[in-house]
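# What the coordinates show
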Amino acid sequence: MPSKNFERSVKFYEGKTQNGTSVWLPLVDVSLITPSNSRISLPLLFDTGASVTTLRADLYPLLGLRSWNEGLRVQTDTGGGQVDAYQYTATIEVFGKSIQCPIQLLQTLPLHPLFCGLLGRDTVFNEFGFGFWESTHELFVTEIP
Amino acid sequence: MKLSATTFEKIGDFKSVIESMSIEAQSPTELLSALDRIGIESYVTEEGHLMIRYWQIGAEDFVPPEQASIIRTSRHLTDQGDNMDWLSKNLQTIREEYGGKWVAVYNERIVASSSTLPDLMNQIEEYDRPLITLIPAEPVIWTFTYAL
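## Quick look at the overall build of chain B
Helix and strand content of chain B: five helices and six strands. Taken from the N to the C terminus, the helices and strands of chain B come in the order α-α-β-β-β-α-α-β-β-α-β. Each of the 148 residues in chain B was classed as buried or not, and the buried ones make up 20%. Considering only contacts within chain B whose residues lie at least 6 apart along the sequence, 35% involve residues at least 24 apart.

Shown next as C-alpha cells:
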C-alpha cells in the first residue's frame, strides 16, 4: 500500500441537531478575492459531495454583483431536489494556494454562522490530496497530491 | 507610485528593525515569534523567503524549502483557525447582540456589523482577510443533509 504524507489538517467544529445530538463539521477558512482586490475570509464546509464550490446567494455583493442571478444559470441537485444556481468565476485562496475556480450561488443553502457555503470539487480538489478519518474528526490535506 | 519622505523614513526604520531582529534571533522560529510579538504580520513563502505583509520587505533564502513547508503549515493553521474558533466559542453571546446582522471578525473580535452586506464591506476596507458571516436571529440547529 502506498504511504501518504499530509502537511495540513482541517479542524472540525461541533454543531447540534434538533434532538441535541452533535454533528462535526470540517470547516475551511477560504479567502475570496473580491473584484476590488480585497480578501474576505469565508468559512466553508468541506464537502466532497459538492461538485462546485457554492456560496449562499446573499453573498453576491462579494463577487461585485448587483444581484445573485446575473450569471450562468445551471441546474443543481440538492437534498431537496433540483434547483437553479448561478455560476461565476472567482479567485480563492485555500490551503496556501490561489485558485481561480467556478463559484455557484444558491438560495437554498441554510443560514449558519459557522459556514457560508460549500468547498466543492471542481478545480479546487485537483490541487490537493485529502485523507479523512471520520471517527476521530480528522481531515488531512497535502499540497502535493 | 511616489512615496513621501515620511514614508521613506518609516520604511528605513522598519528595515532597521527587521535587520536588527534577524541578527539577534537564534532561529527562524524565534525571529517569527519576535515579529508576532511586536505586531508585524509576516509569512514564509513556498520557496522559503520571509515576507512582511504590507511592506513586502523580504529576506530571500530565509530557510530551505523543506523547512518552509513546516513553518508555513504551523503558522497558517494558527492564522486560519483563530477567528473561526473565537466565533464558534462565543456564538451564543454574539447571537444575543448581533442576531440578524452581518458581522466582520478580525483578530478575535467583531470590528463591524450591519444589516446589509454592502454596508459592512464599506466598513472593513482597512482590514485584510476579515471573516464575514451572517448571524442568525434564531438559535442555530443543524437540520439538513446536503450533496450537490
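Following the structure, the description resumes.
## With respect to the overall build of chain A
Along chain A, the regular secondary structure elements total zero helices and 11 strands. Ordered by position from the N terminus, the helices and strands of chain A form the series β-β-β-β-β-β-β-β-β-β-β. For 145 residues, the compact-globule estimate of 2.2 N^0.38 gives 15 Å, and the C-alpha radius of gyration of chain A, at 16 Å, lies within 12% of that figure. The principal-axis extents of the C-alpha atoms in chain A amount to approximately 50 × 40 × 25 Å. Looking at chain A as a whole, 35% of its 145 residues qualify as buried.

## As for the sheet that holds strand 10 (residues 129-133) of chain A
Residue and element names in this part refer to chain A. Taken in spatial order, the three strands of this open sheet run 1-11-10, and their pairing is antiparallel. Looking at strand neighbours, the two that pair on one side only are strand 1 (8-10) and strand 10, the edges of this open sheet. Each strand axis lies, on average, 25° off the axis of its neighbour in the sheet, ignoring direction. Summarising the sheet, strand 1 and strand 11 (residues 138-142) pair through three bridges and their orientation is antiparallel. Looking at the pairing, S9 lines up with F140 of strand 11.

## Here's the deal with the pairing of strand 6 (residues 131-134) of chain B
Residues and elements named next belong to chain B. What you see with strand 6 is no split at all: L131 and T133 on one side and I132 and L134 on the other are buried throughout. Sheet topology note: the strand 4 (residues 102-106)/strand 6 ladder contains four bridges and is antiparallel. When the sheet's bridge partners are listed, A104 is paired in strand 6 with I132.

## Some words on unusual backbone geometry
Residues and elements named next belong to chain A. Even without being a glycine, F95 presents a positive backbone phi close to 50°. With respect to the element layout, F95 can be found in the loop between strand 7 (81-94) and strand 8 (97-106). Of note in this structure, T123 is not a glycine but carries a positive phi near 70°. Tracing the sequence through the fold places T123 in the loop between strand 9 (117-119) and strand 10.

## Quick notes on the environment of B:S115
Residue and element names in this part refer to chain B. Among the structural elements, S115 can be located in the loop between strand 5 (109-114) and helix 5 (117-123). For S115, a count of 10 C-beta atoms within 10 Å puts it in the exposed group. Taking the C-alpha atoms as reference points, S115 and E41, separated by 74 residues in sequence, lie 31 Å from one another.

## Describing the pairing of strand 4 of chain B
Residues and elements named next belong to chain B. Counting buried positions over the five residues of strand 4 gives four, a clear majority of the element. By the bridge criterion, five bridges tie strand 4 to strand 5 in an arrangement that is antiparallel. Bridging from a neighbouring strand, V105 pairs with I110 of strand 5.

## Quick word on the confidence of the model for chain B
All names here are of chain B. The pLDDT averaged across chain B works out to 76; a share of 70% of its residues lies at or above 70. Scored below 50 in pLDDT, residues 1-7 makes one contact in the model with residues more than four places away or belonging to other chains. Within the model, pLDDT remains below 50 along residues 76-80, and this stretch shows three contacts once partners closer than five positions in the same chain are excluded. Interface confidence for the predicted complex, expressed as ipTM, amounts to 0.90; the pTM equals 0.71.

## A word on the environment of B:E138
All names here are of chain B. Tracing the sequence through the fold places E138 in the segment after strand 6. E138 gets classed as exposed once you count the C-beta atoms within 10 Å, which come to 9. Sequence separation between E138 and M121 is 17 residues, and the spatial gap between their C-alpha atoms is 24 Å.

## Notes on the environment of A:I92
Residue and element names in this part refer to chain A. If you trace the backbone, I92 turns up in strand 7. Between the alpha carbons of I92 and L44 there is a distance of 12 Å; along the sequence they are 48 residues apart. Those residues within four positions of I92 in sequence are excluded, and the remaining contacts are V30, S31, L32, I33, I99 and C101.

## Thoughts on the confidence of the model for chain A
Within chain A, residue pLDDT values average 91, and 100% of them lie at 70 or more. Across chain A, the secondary-structure element scoring lowest on mean pLDDT is strand 2 (residues 12-16) of chain A, at 83, and the one scoring highest is strand 5 (residues 53-56) of chain A, at 97.

Definitions and limits used
- Residues numbered from 1 in each chain as written.
- Chains lettered and ligands numbered in written order.
- Predicted model: local features only at pLDDT ≥ 70, side-chain atom pairs only at ≥ 80, totals over all residues.
- Helix = DSSP H or I, 4+ residues; strand = E, 2+ residues; numbered from the N terminus.
- Buried ≥ 20, exposed ≤ 12 C-beta atoms within 10 Å, placed from the backbone.
- Contact = placed C-beta atoms within 7 Å.
- Rg over C-alpha atoms; globule rule 2.2 N^0.38 Å.
- Pairing = 2+ DSSP bridges.
- Axes fitted to C-alpha atoms, helices over the stretch in contact; angles between N-to-C directions.
- pLDDT = per-residue confidence, 0-100.

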